[in-house]
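# Structure at a glance
Okay, here's what each chain looks like letter by letter:
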Amino acid sequence: MLKFKQVVSGLMVGMTALAAVPAFAAVTEAPLVMNGGPMGPGMMQGHPCPGGWRHGPMRKGGWMRNAPVPMLMPIVWRHAVDLKLTPAQETDLKNWRAQQLKEMPTWRQNMQVHNAALRDALLNGESGSALVPLREAVLKDHATMLEHGIQQVNYLHKILTPVQWQKATALYKEIGSRRGPWSK
């Protein structure tokens, strides 16, 4: 028969071993799908945070239903396998994306500065002629953003085959009609 000390020691060793498993599991890397999938991280990536994985702003989805320009690029990136993109198309998309990522910080920074300037002026009670240049700068930024979106859709229409284009737009319509976050 086992002695009381042996039983207690065995239970303590077992409990320590069970407690060590989650401690080591917390250090493991996230699966590939959480790092952006086969196309790598991009517009659709989320970010790790306390309490789990949070989706990036592009995955929230609600505001996209009323967007003037359909956001097809995230769908093409996320459904690259389903769309059966060729290696040449994938390379072309990666090059296009690299170019956009190079240009984006500049116009995005300008847009944030212009938005903040107009917001601050309004909060400080300014009106009339003081707001005119600020308003024009914000409207110009919005026109630039709209033009970027239109160029993105035209670019995708150019590089995708008719079948791929039809499938991408069908996915957009299907995803846009869902309630809740956009998902695969």
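Residues numbered from 1 in each chain as written. Predicted model: local features only at pLDDT ≥ 70, side-chain atom pairs only at ≥ 80, totals over all residues. Heavy atoms only, no water.

## Observations concerning the overall build of the protein chain
The test is simple: Numbering of helices and strands runs from the N terminus, with a helix taken as a DSSP run of H or I at least four residues long and a strand as a DSSP run of E at least two residues long. Burial status follows relative accessibility: with a 1.4 Å probe on protein chains alone, a residue under 20% of its type maximum counts as buried, one over 50% as exposed, and anything between as partly exposed. Note on contacts: a residue pair is in contact if any heavy atoms of the two residues lie within 4.5 Å. We get accessible surface area from the Shrake-Rupley algorithm with a probe of 1.4 Å; when it comes to residues, only the shown protein chains can shield them.
Broken down by element type, the protein chain carries six helices and two strands. Looking at the protein chain as a whole, 27% of its 184 residues qualify as buried. Of all intrachain contacts in the protein chain linking residues separated by at least 6 positions in sequence, the fraction that spans at least 24 positions is 64%. Within the structure as shown, the protein chain displays about 12,900 Å² of accessible surface, and the carbon and sulfur contribution to it stands at 64%.

## Considerations on the environment of Arg119
Note on placement: Arg119 falls in helix H4 (residues 87-123). You can call Arg119 partly exposed: its relative accessible area is 46%. Considered as a pair, Arg119 and Leu134 are 15 residues apart in the sequence and their alpha carbons are 9.3 Å apart.

## Comments concerning H4
As a reminder, the rule being used: To estimate how far a helix should extend, the number of its residues minus one is multiplied by 1.5 Å.
Its 37 residues place the ends of H4 51 Å apart at the C-alpha level, agreeing with the 54 Å of an ideal helix rising 1.5 Å per residue. Residues of H4 that are buried: Gln89, Leu93, Trp96, Arg97, Gln100, Met111, Leu118 and Ala121. Gly125 lies just past H4 and shows a positive phi near 85 degrees.

## Considering the nonpolar core
What counts here: By nonpolar core is meant a set of buried Ala, Val, Leu, Ile, Met, Phe, Trp, Tyr and Cys residues that side-chain atoms within 4.5 Å join together.
Counting 21 residues, the largest nonpolar core has Met73, Val76, Leu85, Leu93, Tyr155, Leu156 and Leu160 as its most contacted members. At the level of secondary structure, the elements contributing two or more residues to this core comprise helix H2 (73-78), helix H3 (80-83), H4, helix H5 (132-159) and helix H6 (162-177). For this core, the element with the highest residue contribution is H6, accounting for five residues. Discounting residues that sit within four places of it in the chain, Leu160 has contacts with Val76, Leu85, Gln89, Trp165 and Ala168.

## Quick word on H5
If you check H5, its first and last C-alpha atoms are 41 Å apart, about what 28 residues at 1.5 Å a residue would give, namely 40 Å. Turning to H5, its buried residues number three or more, namely Ala137, Val138, Asp141, His148, Gly149, Gln152, Val153, Tyr155, Leu156 and Ile159.

## Notes on the confidence of the model for the protein chain
To keep it simple, the criterion reads: Per-residue confidence from the predictor is given as pLDDT, running between 0 and 100.
Scored by pLDDT, the protein chain has a mean of 76; 60% of the residues are at 70 or more. Note on residues 30-38: pLDDT under 50 across the span, and six contacts to partners over four residues away in sequence or across chains. Contacts for the low-pLDDT stretch residues 51-55, under 50 throughout, to residues beyond four places or in other chains number 11 contacts.

## Regarding unusual backbone geometry
Of note in the backbone geometry, Lys84 takes a positive phi value of approximately 55 degrees without being a glycine. Overall, the relative accessible area of 67% leaves Lys84 in the exposed class.

## Some details on the packing of H4 against H5
To keep things clear, this is the line we draw: Fitted lines through C-alpha atoms give the axes, limited to the stretch in contact for helices. The angle between two N-to-C directions lies from 0 to 180 degrees. Oblique is the label for any angle not under 35 degrees, not over 145, and not in the 65 to 115 range, which are roughly parallel, roughly antiparallel and roughly perpendicular in turn. Crossing handedness follows the turn of the near helix against the far one: under a right angle anticlockwise gives a left-handed crossing, and clockwise gives a right-handed one.
The geometry of H4 relative to H5 is characterised by a closest axis approach of 9 Å and an angle of 165 degrees between their N-to-C directions. Compared by their axis directions, H4 and H5 come out roughly antiparallel. Crossing handedness for the pair H4 and H5: left-handed.

## Describing the packing of aromatic side chains
Aromatic ring pairs are reported here in terms of the distance separating the ring centres and the angle at which the planes meet. The condition that has to hold: In summary, the pairing rule links any two rings of Phe, Tyr or Trp, Trp by its six-membered ring, whose centres are within 6.5 Å, and it sorts them by plane angle into stacked for under 30 degrees, edge-to-face for over 60 and tilted for everything else. Charges are assigned to positions over rings by a cutoff of 6 Å between ring centre and Lys NZ or Arg CZ, combined with an angular limit of 35 degrees from the ring normal.
If you walk through the whole model with that rule in mind, you get one aromatic pair. Judged by centre distance (5.1 Å) and plane angle (10 degrees), the ring pair of Trp96 and Tyr155 falls under stacked. Here the residue Trp96 occupies a position in helix H4, and Tyr155 occupies one in helix H5, the gap between them amounting to 59 residues. A single burial state applies to Trp96 and to Tyr155, both of which are buried. When the ring centre of Trp77 is taken as origin, the NZ or CZ atom of Arg97, which lies over that ring, is 5.2 Å away.

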